[in-house]
Amino acid sequence: MRSIVPFAAALLLAGPGFSAQPAPAAATPAAELTRAKALKVKVSLEAQDARLGDVLKEFAAQADARADMLILWAYGPGFPHAQRVTYRCKDKPIEDALAEVLKAAGGGLGYTVVSKDGDKRDGWVLLTAAAATAEDETAAADRVAQAKKLIDGGKPDPAKTLLTLVVQKYGATKAAAEARELLAKLGK
């Protein structure tokens, strides 16, 4: 009982953001600089149906102009940098804007700062896509097949809706890449 009381007090003092996970290893100087300076730069953006990669380039350009700090991006496997997004923000730290635009893009996207001594990408922001499960692959492929039937049947609008759902819900699947291509052909 005595050990529980100090632990509970430590939780209360730590506040609502406390995590019971172990503290991360010390960050490299490059990673710490990215987290402490580059991701804190405030950005403003109004993007309508823009490529996700172009939005990220704009964030990097604003960081370079406002803090003389270039953000370098690395794309993890399956990251949909060509995916179209609509996003707007004003004077928001890049770390918050990045989290919001990745959430808006859907598909379980996220990011981390590379922190590994000797790695050529040390300090870069690694953009990641959630790995798709076999069930996700099957469901997405089925919906793309349905959309193709709708297109062949002269019903492009319901097909666009179905393809958009695939991109948003199953963004990390192979079928989502095909859905993006079909949407581009249909003039989303």
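Quantities reported herein were computed from a predicted structural model and do not represent experimental measurements. (Residues numbered from 1 in each chain as written. Predicted model: local features only at pLDDT ≥ 70, side-chain atom pairs only at ≥ 80, totals over all residues. Heavy atoms only, no water.)

### Concerning unusual backbone geometry
- The backbone phi angle of D49 is positive, close to 50°, even though this residue is not glycine.
- Mapped onto the elements of the fold, D49 is located in strand β1 (residues 42-51).
- In this structure D49 comes out as partly exposed when scored by relative accessible area, which is 37%.
- Even without glycine at this site, D91 takes up a positive phi of about 50°.
- Mapped onto the secondary structure, D91 falls in strand β3 (residues 84-93).
- The partly exposed category is assigned to D91, whose relative accessible area is 44%. (Helix = DSSP H or I, 4+ residues; strand = E, 2+ residues; numbered from the N terminus. Buried < 20%, exposed > 50% of the residue type's maximum accessible area, 1.4 Å probe, protein only.)

### Examining the confidence of the model for the protein
- When pLDDT is averaged along the protein, the result is 80; 85% of the residues meet or exceed 70.
- In the model, residues 1-24 has pLDDT below 50 throughout and makes one contact with residues more than four positions away in sequence or in other chains. (pLDDT = per-residue confidence, 0-100. Contact = heavy atoms within 4.5 Å.)

### Section: the nonpolar core
- Ranked by size, the top nonpolar core spans 33 residues in total, and within it F59, I71, W73 and V101 carry the most contacts.
- For this core, the secondary-structure elements that each account for two or more residues are β1, α3 (52-67), β3, α4 (94-105) and β5 (125-128).
- Looking at this core element by element, the count peaks at seven residues for α3.
- Setting aside residues no more than four positions away along its own chain, I71 makes contact with A38, L39, A60, A63, I94 and V125. (Core = buried A, V, L, I, M, F, W, Y, C linked by side-chain atoms within 4.5 Å.)

### A few points about the packing of helix α5 (residues 134-152) against helix α6 (residues 156-169)
- Between α5 and α6, the shortest axis-to-axis distance is 8 Å and the interhelical angle comes to 165°. One finds that α5 runs roughly antiparallel with respect to α6. α5 and α6 meet at a crossing whose hand is left-handed. Together, A140, R143, V144, Q146, A147, L150 and I151 of α5 and P156, P158, A159, L162, L163, L165 and V166 of α6 make up the contact between the two elements.
- When the residues that make up the contact of α5 with α6 are grouped by side-chain class, the tally is 12 nonpolar, one polar and one charged. (Axes fitted to C-alpha atoms, helices over the stretch in contact; angles between N-to-C directions. Parallel < 35°, antiparallel > 145°, perpendicular 65-115°, else oblique. Left-handed = near helix turned anticlockwise from the far one by under 90°. Nonpolar A, V, L, I, M, F, W, Y, C, P; charged D, E, K, R; others polar.)

### Points about the packing of α3 against α4
- Between α3 and α4, whose axes approach to 11 Å, the crossing angle comes to 175°. By the angle class used here, α3 and α4 are roughly antiparallel. Residues L52, V55, L56, F59 and A63 of α3 touch α4, and the partners they reach there are I94, A97, L98, V101, L102 and A105.
- Looking at the contact of α3 with α4 residue by residue, the classes come out as 11 nonpolar, no polar and no charged.

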